[in-house]
Amino acid sequence: MSDIPANLIPIPATQAAPSQRVRSYWGSVWNRLRYDYVTLFCLALIILIVLSAVFAPWLAPMDPDKSSMANRLRPIFHPKYFLGTDEQGRDLLSRMLYGGRVSLLMGIMPVVLATTIGGLFGVVAGYYGGKVNMVIMRTMDVFFAFPSVLLAVAISGSLGGGITNQMLTLTVVLIPPLCRVAETATSQVRTMDFVDAARASGASTASIISTHVLINILSPVLVYASTLVSVSIILASGLSFLGLGVSPPTADWGLMLSTLRQSIYVEPLVTAVPGVAILITSIAFNLVSDGLRQAMDVKA
Amino acid sequence: MWLYALRRLVLTLPILFGVTVICFALVQIAPGDPIQNLLSPTASQEDADRLRAAYGLDQPLPIQYFIWIAKVLRGDLGMSIANNAPVATEVFRAFGNTITIALISVALAFVLSMILGVIAAYRSGSIVDKLITAVAVFGISVPTFWLGVVLVIVFAVNMFWLPATGMGASGSETFNYFNWEDFKFAIMPIIALALPPLGIMTRTTRASLAEILNQDFVQTLRAKGLSETAVMFHAVRNIMPQAVAMLGLQLGYLIGGSVLVETVFTWPGTGFLLNKAILTRDIPLLQGTILVLATVFVLINLVVDLAQSVIDPRIKRA
Amino acid sequence: MTDLIDAIDASPDSRDRGGPAQPMLIVENIKKYFPIRAGLLNRQVAEVKAVDDISFYVLKGETLGIVGESGCGKSTLARLLMYLIDKDEGHLILDGDPVGEKLGVALDGLRRSLQMVFQDSYSSLNPRLPIEQSIAYGPKVQGASSKQAKEQARALLDKVGLKPDRFGQRYPHELSGGQKQRVNIARALALDPRLLILDEAVSALDKSVEAQVLNLLGDLKEQLNLTYIFISHDLHVVRYISDRVLVMYLGQVVEIGPVDKIYDAPKHPYTRALLECRLSMDPADRVEVAPLAGDPPNPVNPPSGCRFHTRCPHVEEVCMSKAPALGDVLRSTPDTHLAACHMVHAGSGHTKAPKPADAMMWANLGVTL
């Protein structure tokens, strides 16, 4: 057959390899995060904010909705009211704790919903390609023709205020970008030979997507979704600021900022408080998603 | 080049069509029956039907859409409910105020972000870099309306340096940007608007510069004995197409996203108009303003794409 | 050729349906054109003739080498055979049964009989799955229980020379190129196939590792009674491993025949040029002038007549106008040496073609040219 001796280089019985601890992808991500103190600090901060919102009924020193005309607009660090009182004499610290519930819900829930729905459309578009891709992605392009704030104001402005409408609005606003990220990631995975190998073994599309595609697009989609939490919080508080959020007696950071603004000349520092909470939460989420992105950027 | 421009233009048409569909849908998703609002409470069902027919609201939705779009194409955006004025007139009057401060803000943010981005990339890892990164994160994370409130607290309430809100005594008709007494009113809105794009653009500039500086050709430039300034010049030239694209996109975001800042400063632009429309539930005004702003955003993207294909020699799209 | 005959004789395979003389796979006039869209309305303006009317067969137990420059359609052909992309025209006959047609073998049967080892070891394994699971996936899809599939995967790892205890739980990025390619082979074997398509399966490896994997392939072929289609641009390797060789140029077969005949007496000028490009072990014997100039022509608008005429040193009038036929591959014996060139066809009009009289004489002697 050939002039090359058949067994010039014999096959070793086993491949020599240095013994090493085998670490899964998520294991190595965590290993990187462990030494990223900024991210860990922000993560702790987020957990703290979430806990304080969850346990608001136990933590709040006063009833957040009880107004007291005699104690309107007390300054910050007042002996009785740590963060002062608002224009109706309600304890601001209590309102901040309760307000965090709505604001955090508006930061997280729309992102979760949009990741599920947008991710689904993105995976379908990316995997099937062709006409399916065109219909889905061109529809998304139309939504991209609106700056996100404008789209949120448009939908929310038409639907009217209220917590459900706000959540619906934010979900619709966040679906297109998540869909695009999922689509890009999926179509990249789709070109990989291991997908063809799976098809060659007779696997159904559903099986290939669940075993081979999702596991590979998870990290880019999650990293992107985590950046959107802060976007969602800011958008939500913006909508509330415009009066498109929860109805007035309920505490919400954006709405509080809006109503306190009337008192800017009387007690300017108190006016700034709700915004500080929004800012800190938003920065924490941004830095955590930055850290996640770096930790997940594993060449594997 | 011309073929590419034409192709890009053709591709924009379906997007614009989609934009009009969404704007049309805004009226449909709004709760309440527009006819009931127009009628007196004592009006009969026949009166309601007659009015419905007169407005074409008894037609199926696609027909209603075509009636509406035909009007829009003639420049008729309907009548504002609140003050019974044509929406088109209101929007275009306000648009001038918005575009001017948006342009100034984005230009300011662009120049600053290039400077900060270059410094941060050049001194990568240093304190200066960390400081600049912190400013960028702040810019991205800060809610602009709160920033506006804080600016008012500091510069208007505490220091009396700048006027808190409005466009000054002269008003929007005679506002002169080259007159300091007038321009004072625009300063805080411009700063509040400029900070988020400044954050985003600084970060992107820094990241793409750092990537370029890691490439082999930069090593070659250094090996040839070029000074660091000259090397940086090469690197900056490489990120220009990207930076220009970013600039356009941010301008679009500012024009569309100015509603909060304009509300805080009662700056009579399109954003303030939107706020008014929301407060009075003036759906035609809301719809018309959004349609104009989204169309402008699409056109800005188109111009950016075309500009990019001129600047970037690698894009030879025929 | 004797070892080939031996291989055919020694095939006591329970999966055999058509008998030892029935080829493992017959490919009949297979075609794939990719549309090119452009312009304002994205209309189809042209098509790439990636695989243009190719026919051949692979005998049971043999190795068919497929060679050609990059872009000649080798990989497209492999993916067509695997039904990973849909063919435009043509038929596949697997051990006597037409594939994907009425009364023929279903696609699922093809999946089990035909498997492929991919070239790019970076993208051929799922980076987020331990390799054991990557191998076990195929059997699981085909209905094996998780436990069965896992055991099978471990046995296969052992078979390709990777200790399952040490390697089974590893991720692809923790393996070297050669190890990854062993895993690829194990995965392809997981469905117990009869025919393996090896698409540049060893091309990306270091020479020493390449030799190890080639030896592994040789051993596996013997143990598991396999048939190989070995696609490569490396002529040395193809000569080493193949029984017969098929040469492709711009989506067509230009020459096919037993490996020794092709390497010792190539008939097509393209094959000759390819062979002259090989590196020699003798430093004195160096290639001074590039035997083949320029890039292959654009497959969108392939040259008229013989597709090789733009680069052929023997080009004549007839080559530009008339496409030379290869001959009836499917009805020829395995030791037939065919070439699609006017210079070998008597009476083709090329000045270097054999005279009709000579052809008569050869024909009388029972030799086909």
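Keep in mind that this is a model prediction, so the values were computed, not measured. (Residues numbered from 1 in each chain as written. Chains lettered and ligands numbered in written order. Predicted model: local features only at pLDDT ≥ 70, side-chain atom pairs only at ≥ 80, totals over all residues. Heavy atoms only, no water.)

Section: the side chain of Lys 74 of chain C
Residues and elements named next belong to chain C.
Right, on to step 1. Its location among the elements puts Lys 74 in helix 2 (residues 74-81).
Right, on to step 2. Engagement of the side chain of Lys 74 in a polar contact is seen with the backbone oxygen of Gly 68, the distance being 2.8 Å.
Right, on to step 3. Here the side chain of Lys 74 touches Glu 200 through a polar contact of 3.3 Å, side chain to side chain. (Helix = DSSP H or I, 4+ residues; strand = E, 2+ residues; numbered from the N terminus. Polar contact = N/O pair within 3.5 Å; in protein donor to acceptor, adjacent residues only side chain to side chain.)

Describing the packing of aromatic side chains
Geometrically, a pair of aromatic rings is defined through the distance of the ring centres and the angle of the planes.
Right, on to step 1. One pass over the full model with this rule turns up twelve aromatic pairs over all chains.
Right, on to step 2. Measuring from ring centre to ring centre gives 6.0 Å for Phe 17 of chain B and Tyr 65 of chain B, while their planes differ by 85°; the resulting arrangement is edge-to-face. Placement of Phe 17 of chain B in helix 1 (residues 2-29) and of Tyr 65 of chain B in helix 4 (residues 61-73) is noted, with a sequence separation of 48 residues between them.
Right, on to step 3. We classify Phe 17 of chain B as partly exposed; its relative accessible area is 48%.
Right, on to step 4. By relative accessible area, which is 8% here, Tyr 65 of chain B ends up buried.
Right, on to step 5. Ring geometry for Phe 24 of chain B and Tyr 65 of chain B: centres 5.4 Å apart, planes at 80°, overall edge-to-face. Of this pair, Phe 24 of chain B sits in helix 1 while Tyr 65 of chain B is found in helix 4, placing the two residues 41 residues apart along the sequence.
Right, on to step 6. Taken together, the aromatic side chains of Phe 17, Phe 24, Tyr 65, Phe 66 and Trp 68 of chain B make up a single cluster linked through ring pairs.
Right, on to step 7. The ring of Phe 144 of chain A is capped by Arg 180 of chain A, whose NZ or CZ atom sits 3.7 Å from the centre of that ring.
Right, on to step 8. The positively charged end of Arg 190 of chain A is found above the aromatic ring belonging to Tyr 127 of chain A, 4.8 Å away from the centroid. (Phe/Tyr/Trp six-rings, centres within 6.5 Å; stacked < 30°, edge-to-face > 60°. Buried < 20%, exposed > 50% of the residue type's maximum accessible area, 1.4 Å probe, protein only. Lys NZ or Arg CZ within 6 Å of the ring centre and 35° of its normal.)

Quick look at the packing of helix 7 (residues 177-189) of chain C against helix 8 (residues 207-224) of chain C
Residue and element names in this part refer to chain C.
Right, on to step 1. Axis separation between helix 7 and helix 8 bottoms out at 10 Å; the angle between their running directions is 20°. The angle between helix 7 and helix 8 places the two elements in the roughly parallel class. Read as a crossing pair, helix 7 and helix 8 show a hand that is right-handed. Contacts from Gly 178, Arg 182, Ile 185 and Leu 189 in helix 7 reach Val 209, Gln 212, Val 213, Leu 216, Leu 217, Leu 220 and Leu 224 in helix 8.
Right, on to step 2. Of the residues that constitute the contact of helix 7 with helix 8, the class distribution is eight nonpolar, two polar and one charged. (Axes fitted to C-alpha atoms, helices over the stretch in contact; angles between N-to-C directions. Parallel < 35°, antiparallel > 145°, perpendicular 65-115°, else oblique. Left-handed = near helix turned anticlockwise from the far one by under 90°. Contact = heavy atoms within 4.5 Å. Nonpolar A, V, L, I, M, F, W, Y, C, P; charged D, E, K, R; others polar.)

Points about the domain arrangement of chain B
Residues and elements named next belong to chain B.
Right, on to step 1. Structurally, chain B comprises domain 1 (11-73) and domain 2 (91-311).
Right, on to step 2. Contact with domain 1, which involves 13 residues of that partner, is made by nine residues of domain 2.
Right, on to step 3. Looking only at domain 1, the three residues that lose the most surface to domain 2 are Thr 12, Leu 16 and Cys 23, adding up to 38% of its buried area.
Right, on to step 4. Between domain 1 and domain 2 we count zero salt bridges in total.
Right, on to step 5. Here domain 1 and domain 2 share one residue pair in polar contact (both at pLDDT 80 or more) between them.
Right, on to step 6. Among the residues making up the side of domain 1 that touches domain 2, the classes are represented as eleven nonpolar, two polar and no charged. (Domains from an automatic or database assignment. Buried area = accessible area lost by both parts, 1.4 Å probe. Salt bridge = Lys/Arg side-chain N within 4 Å of Asp/Glu carboxyl O.)

Digging into the packing of helix 13 (residues 270-279) of chain B against helix 14 (residues 283-311) of chain B
Residues and elements named next belong to chain B.
Right, on to step 1. Taken N-terminus to C-terminus, the directions of helix 13 and helix 14 make an angle of 150°; their axes are 9 Å apart at the nearest point. If you check the angle between helix 13 and helix 14, you find them roughly antiparallel. In terms of crossing hand, the pair formed by helix 13 and helix 14 is left-handed. Contact with helix 13, carried on its side by Thr 270, Leu 273, Leu 274, Ala 277 and Ile 278, involves Leu 285, Leu 286, Thr 289, Ile 290 and Leu 293 of helix 14 and no other residues of that element.

Description of the pattern of salt bridges
Right, on to step 1. All told, the structure shown has 28 salt bridges over all chains when counted by the stated rule.
Right, on to step 2. Residues Arg 138 of chain A and Asp 141 of chain A are paired through a salt bridge, measuring 2.9 Å at the closest nitrogen-oxygen approach. Note that Arg 138 of chain A and Asp 141 of chain A are positioned in helix 5 (residues 130-144) at a spacing of three residues, about one turn of the helix.
Right, on to step 3. Arg 138 of chain A sits in the partly exposed class, given a relative accessible area of 44%.
Right, on to step 4. Assessed through its relative accessible area of 17%, Asp 141 of chain A is described here as buried.
Right, on to step 5. A salt bridge links Glu 200 of chain C to Lys 74 of chain C; the nearest nitrogen and oxygen atoms lie 3.3 Å apart. On the criterion of sequence distance, the pair formed by Glu 200 of chain C in the loop between strand 7 (195-199) and helix 8 and Lys 74 of chain C in helix 2 is long-range, its members being 126 residues apart.
Right, on to step 6. We classify Glu 200 of chain C as buried; its relative accessible area is 7%.
Right, on to step 7. Residue class for Lys 74 of chain C comes out buried when judged on its relative accessible area of 5%.
Right, on to step 8. One salt-bridge network, held together by shared partners, links Asp 193, Asp 196 and Arg 199 of chain A together with Arg 79 of chain C.

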